[in-house]
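Observations on the three-dimensional arrangement
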Amino acid sequence: MIISLPIEDRPRSHVFYQEALGLTPVGELDEEGIPEPLQFALADGVRLMLIPTGGFGWVLGDQPAAPRGQSECILTVSVDTEEAVDALATQAVKAGATMVTEPIRQPWAYMATFTDPDGHLWMVEAQ
């Protein structure tokens, strides 16, 4: 399974996903030292692929992408403790994320949300 997201800047996204979420890029490196296509392993058989907006548009055809600031999905990272939620949210902001919801206890979990540099919404949670 591959989850694809549109991005504006490959080098920025390459660095952000490593620094913010500790993801490992996979694939053959291009002349800039960035995998082409830009993918990160999420789990066994699951990858996140980051596609420049032009290429993303080729796949969408006439279907519009969600405008910046509108989220059609929430990408969630589950961690073991509330402290790990706090640490990952802080790490993401230091790497360039924008905090949307500060860490807070909700009825279903302790969680925080942030957007990556391209405005995609991420949630980190601990049950």
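Look up: the structure comes first, before these words.
Here the structure is a predicted model, which means the values were calculated and not measured.

**A word on the pattern of salt bridges**
With the rule as written, the count across this model stands at five salt bridges. Across the pair Asp118 and Arg12 runs a salt bridge, and its minimum N-O distance is 2.9 Å. With a gap of 106 residues between them, Asp118 in the loop between strand S7 (110-115) and strand S8 (121-126) and Arg12 in helix H1 (residues 10-21) connect regions that are remote in the sequence. For Asp118, a relative accessible area of 8% gives the class buried. Through salt bridges with shared partners, a single network forms among Arg10, Asp30 and Glu36.

**With respect to the sheet that holds strand S4 (residues 46-52)**
Spatially, the four strands line up as an open sheet ordered S1-S4-S3-S2, and their pairing is mixed. For this open sheet the edge positions go to strand S1 (2-7) and strand S2 (24-26), each flanked by a neighbour on one side alone. Each strand of the sheet is rotated relative to its neighbour by a mean of 35 degrees, with strand direction disregarded. Pairing of S1 with S4, which is carried by six bridges, proceeds in the parallel orientation. Along S4, the bridge assignment pairs Ile2 with Arg47. Most of the contacts of H1 go to strand S3 (residues 38-43), to which it runs at about 20 degrees, and overall it touches S1, S2, S3 and S4.

**Some words on the packing of aromatic side chains**
Evaluated as defined, the whole model comprises three aromatic pairs. Ring centres of Tyr17 and Phe40 lie 5.8 Å apart, and the angle between their planes is 35 degrees; this geometry places the pair in the tilted category. Placement of the pair is Tyr17 in helix H1 and Phe40 in strand S3, with a sequence separation of 23 residues. For the pair shown, Tyr17 and Phe40 are each scored as buried. An aromatic cluster is present here, built from Phe16, Tyr17, Phe40 and Trp122 joined pairwise through their rings.

**Examining the environment of Val79**
With respect to the helices and strands, the residue Val79 is situated in the loop between strand S5 (75-78) and helix H3 (82-94). Separated by 48 residues in the primary sequence, Val79 and Gln127 place their C-alpha atoms 8.1 Å from one another.

Conventions used here
Residues numbered from 1 in each chain as written. Predicted model: local features only at pLDDT ≥ 70, side-chain atom pairs only at ≥ 80, totals over all residues. Heavy atoms only, no water. Salt bridge = Lys/Arg side-chain N within 4 Å of Asp/Glu carboxyl O. Helix = DSSP H or I, 4+ residues; strand = E, 2+ residues; numbered from the N terminus. Buried < 20%, exposed > 50% of the residue type's maximum accessible area, 1.4 Å probe, protein only. Pairing = 2+ DSSP bridges. Axes fitted to C-alpha atoms, helices over the stretch in contact; angles between N-to-C directions. Contact = heavy atoms within 4.5 Å. Phe/Tyr/Trp six-rings, centres within 6.5 Å; stacked < 30°, edge-to-face > 60°.

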